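Survey of secondary and tertiary structure
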Amino acid sequence: MTDYDAVVLGAGIHGLCAAFWLKQRGVARVALLDRFGAAHESGSSHGALRITRSSYHEPALVRLAQEAHAEAWPALEQALGTSLRIRTPGVFFGPPEGPFGAYLRAAKTTEVLQQITIADARRHFPLLRFDDRDAVLLDHTAAMVLAGKTMAGLREWLCANHTDLHWHCAAERIDVGGDRLTIATSNGPFSCRSAIVATGLDLARLAPELTPPLHVLRQQVGYFDVAAAAEQQTAGTFPVWARIGRTANDFQYGLPAHEGQGIKLAQHRTEGACEAAGDAPPIDREALLQLARERLAVPASLTSTESCLYTMSPDHGLHVRTSPRSAHLVGIAACSGHGFKFGPVIGRRAAMLLPL
Ligand SMILES: Cc1cc2nc3c(=O)[nH]c(=O)nc-3n(C[C@H](O)[C@H](O)[C@H](O)COP(=O)(O)OP(=O)(O)OC[C@H]3O[C@@H](n4cnc5c(N)ncnc54)[C@H](O)[C@@H]3O)c2cc1C
């Protein structure tokens with residue numbers, strides 16, 4: 001049986017960050033397991049880019065974003081010796097009488113969010129389409145997160161810092177016995193003093209006491225060539241943005257073009273029946289083209305698409321919990337379609353929760 005001080009289950013952004021902070025805490029023998037290979041596309045953390053922002057509907061999330069921007073991301077960038085974010089304006093907008101009203105109220109708790117007029121928004125962001133009755137927030141902390149670079153950089157850093165990465169190793173059960181945990185896996189058992197479980201939906205099977213009920217929703221993303229000058233489409237000029245409409249699923253977002261990939265657009269689907277993992281349905285290209293017609297002020301052609309999963313909790317919250325079975329067993333359920341930006345701070349919280 002392989003023996004460790006700590007084992008992290010799941011090598012998405014939350015598992016990688018948890019392992020990073022365990023090493024930062026000086027834990028010597030750390031293993032990281034994942035049921036798939038290093039750069040798989042069957043979870044929630046793949047793809048080149050993500051949005052980070054402070055604009056949120058709850059002051060607590062606005063504050064958590066500050067902590068991530070001011071402390072956790074810089075710590076990762078310093079350790080990996082490279083920048084993982086590209087600053088660009090952030091613009092968040094929608095009808096103030098709808099859910100966006102909560103964003104406007106939460107924005108009043110900080111100076112990094114500024115309300116601007118529609119006229120100013122249209123002048124600053126001519127490629128985007130704003131509805132006349134939308135309210136608009138400018139987010140001075142927003143950036144594009146280089147998600148692919150972050151994931152690869154963390155894997156490299158962990159290898160270089162004596163962490164054992166076990167790919168194609170599926171955890172099947174977690175047993176608590178005395179002062180040890182035993183993780184039964186498809187590659188044999190692992191014994192450890194502590195464990196952090198960051199396996200997305202499978203957390204509910206491996207340690208149901210560590211998570212609210214979870215379900216999976218599929219997401220479809222389009223990349224577009226837009227009828228505008230290249231420099232208008234890239235970071236620094238084109239924003240990361242989201243329009244928060246009247247219903248939960250009336251939520252659209254986008255990111256600048258980057259490294260040959262066109263402008264990214266998608267709907268943020270947070271409501272719907274569970275769409276268990278497995279084969280992705282065909283991409284609805286017409287829906288993506290319709291989204292471009294609705295939100296872009298210039299013609300656009302769809303050049304590529306991507307499918308991905310959200311693991312949803314009922315409150316869309318970011319959950320980090322200790323098991324009543326053992327203080328040495330911690331679980332992370334922090335996706336709900338917005339967890340990447342919080343990865344470094346959530347990973348740190350999970351690592352700090354363990355009594356070492
Ligand atoms: C299209 C899309 C766009 C997004 N945009 C943004 C954005 O702009 N900003 C933002 O902040 N967030 C965004 N998100 C959300 C964010 O990417 C996720 O919240 C985050 O990646 C979740 O990471 P995770 O580590 O919790 O889960 P995952 O990445 O799913 O990682 C879980 C890992 O556990 C492994 N695993 C599962 N079961 C087992 C098992 N039994 N044994 C071993 N390993 C197992 C899986 O293989 C997987 O690698 C987006 C998500 C999607 C899908």
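That block above? That's the structure.
This write-up is about the structure you can find in this document.

Scoring rules and cut-offs
- Residues numbered from 1 in each chain as written.
- Predicted model: local features only at pLDDT ≥ 70, side-chain atom pairs only at ≥ 80, totals over all residues.
- Heavy atoms only, no water.
- Helix = DSSP H or I, 4+ residues; strand = E, 2+ residues; numbered from the N terminus.
- Rg over C-alpha atoms; globule rule 2.2 N^0.38 Å.
- Buried < 20%, exposed > 50% of the residue type's maximum accessible area, 1.4 Å probe, protein only.
- Contact = heavy atoms within 4.5 Å.
- Areas by Shrake-Rupley, 256 points an atom, 1.4 Å probe, with all protein chains shown as cover.
- Lys, Arg positive; Asp, Glu negative; His and termini not counted.
- Charge placed at Lys NZ, Arg CZ, Asp CG, Glu CD.
- Phe/Tyr/Trp six-rings, centres within 6.5 Å; stacked < 30°, edge-to-face > 60°.
- Lys NZ or Arg CZ within 6 Å of the ring centre and 35° of its normal.
- Core = buried A, V, L, I, M, F, W, Y, C linked by side-chain atoms within 4.5 Å.
- Expected span 1.5 Å × (residues − 1).
- Near = heavy atom within 4 Å.
- Polar contact = N/O pair within 3.5 Å; in protein donor to acceptor, adjacent residues only side chain to side chain.
- Salt bridge = Lys/Arg side-chain N within 4 Å of Asp/Glu carboxyl O.
- Axes fitted to C-alpha atoms, helices over the stretch in contact; angles between N-to-C directions.
- Parallel < 35°, antiparallel > 145°, perpendicular 65-115°, else oblique.
- Nonpolar A, V, L, I, M, F, W, Y, C, P; charged D, E, K, R; others polar.
- Pairing = 2+ DSSP bridges.

Okay, the overall build of the protein chain next. When you go through the protein chain residue by residue, the secondary structure sums to nine helices and 19 strands. Computed over C-alpha atoms, the radius of gyration of the protein chain comes to 20 Å, within 12% of the 21 Å expected from 2.2 N^0.38 for 356 residues, which places it in the range of a compact globule. Evaluated residue by residue, the protein chain yields a buried proportion of 54% over its 356 residues. For the protein chain, the share of sequence-separated contacts (at least 6 apart) that also reach a separation of at least 24 residues comes to 74%. By element, 52% of the accessible surface of the protein chain is carried by carbon and sulfur atoms, the whole surface being about 14,300 Å². Here the protein chain carries 34 positive and 34 negative side-chain charges, and the mean point of each set is 3 Å from the other.

Summed over all chains, the structure comprises seven aromatic pairs. For the ring pair Phe20 and Trp21, a centre distance of 5.1 Å and an interplane angle of 85° mean the geometry is edge-to-face. Take Phe20: its relative accessible area is 0%, and that puts it in the buried class. Linked through ring pairs, Phe20, Trp21 and Trp157 together constitute an aromatic cluster. Taking the ring centre of Tyr56 as reference, the NZ or CZ of Arg53 above it sits at 4.0 Å. The ring of Trp21 is capped by Arg348, whose NZ or CZ atom sits 5.4 Å from the centre of that ring.

Of all hydrophobic cores here, the largest spans 46 residues; its most connected members are Leu22, Leu154, Ile196, Ile332 and Phe342. Sorting the residues of this core by element identifies strand 1 (2-9), helix 1 (13-24), strand 2 (30-33), helix 2 (59-80), helix 5 (147-160), strand 19 (326-333) and helix 9 (343-353) as the ones contributing at least two each. Counting residues per element, this core draws most heavily on helix 2, which supplies nine residues. Listed in part, the 25 residues of the second largest apolar core include Leu113, Leu137, Leu255 and Ala266.

On to helix 1, then. Turn by turn, an α-helix covers 3.6 residues, leaving residues three or four places apart pointing in a common direction. With twelve residues, helix 1 should cover 16 Å at 1.5 Å per step; its first-to-last C-alpha distance of 16 Å lies within 8% of that length. Among the twelve residues in helix 1, eleven count as buried, and that is most of the element. Immediately downstream of helix 1, the backbone of Gly26 shows phi near 90°, a positive value.

Okay, the site of the ligand next. Within the structure, the ligand sits among 35 residues, and His14, Asp34, Ser45, Ile51 and Cys308 are positioned closest to it. Between the ligand and Arg35 there is a distance of 3.0 Å, counted from a nitrogen atom to a backbone nitrogen or oxygen. Between the ligand and Ala171, the relevant distance is 2.8 Å, taken from a nitrogen atom to a main-chain nitrogen or oxygen of the residue. In isolation the ligand exposes 1,000 Å². Once the protein is present, 96% of that is buried. Here the shell around the ligand takes three residues from strand 17 (residues 300-312), the largest share from any one element.

Applying the stated rule across the entire model yields 20 salt bridges. Among the ionic pairs, Arg173 bridges to Asp175, the shortest N-O distance being 3.0 Å. In this structure Arg173 comes out as partly exposed when scored by relative accessible area, which is 46%. Between Glu275 and Arg269 there is a salt bridge, with the nearest N and O atoms lying 3.1 Å from each other. Linked by salt bridges that have partners in common, Asp3, Asp5, Arg29 and Arg180 make up one network.

Quick look at the packing of helix 2 against helix 9 now. When two helices pack together, their arrangement is captured by the angle between the axes and the distance separating the axes. It is the contact of helix 2 with helix 9, at a shortest axis distance of 8 Å, that shows an interaxial angle of 85°. In this view, helix 2 runs roughly perpendicular relative to helix 9, as classed from their interaxial angle. Listed contacts from helix 9 to Leu64, Glu67, Ala68, Glu71, Ala72, Trp73 and Leu76 of helix 2 are Pro344, Val345, Arg348 and Arg349. Looking at the contact of helix 2 with helix 9 residue by residue, the classes come out as seven nonpolar, no polar and four charged.

Turning our attention to the sheet that holds strand 4 (residues 85-87). Taken together, three strands build an open sheet; the order of strands is 3-8-4 and the sheet is antiparallel. In the strand order of this sheet, the two ends are held by strand 3 (49-52) and strand 4, each with one partner. Across the sheet, the mean angle separating the axes of adjacent strands is 30° when strand polarity is ignored. The pairing of strand 3 with strand 8 (residues 143-146) spans four bridges and is antiparallel. Paired with Leu49 across the bridge in strand 8 is Leu146. The strands touched by helix 2 are strand 3, strand 4 and strand 8; relative to strand 4, the strand with the most contacts, the crossing angle is about 130°.

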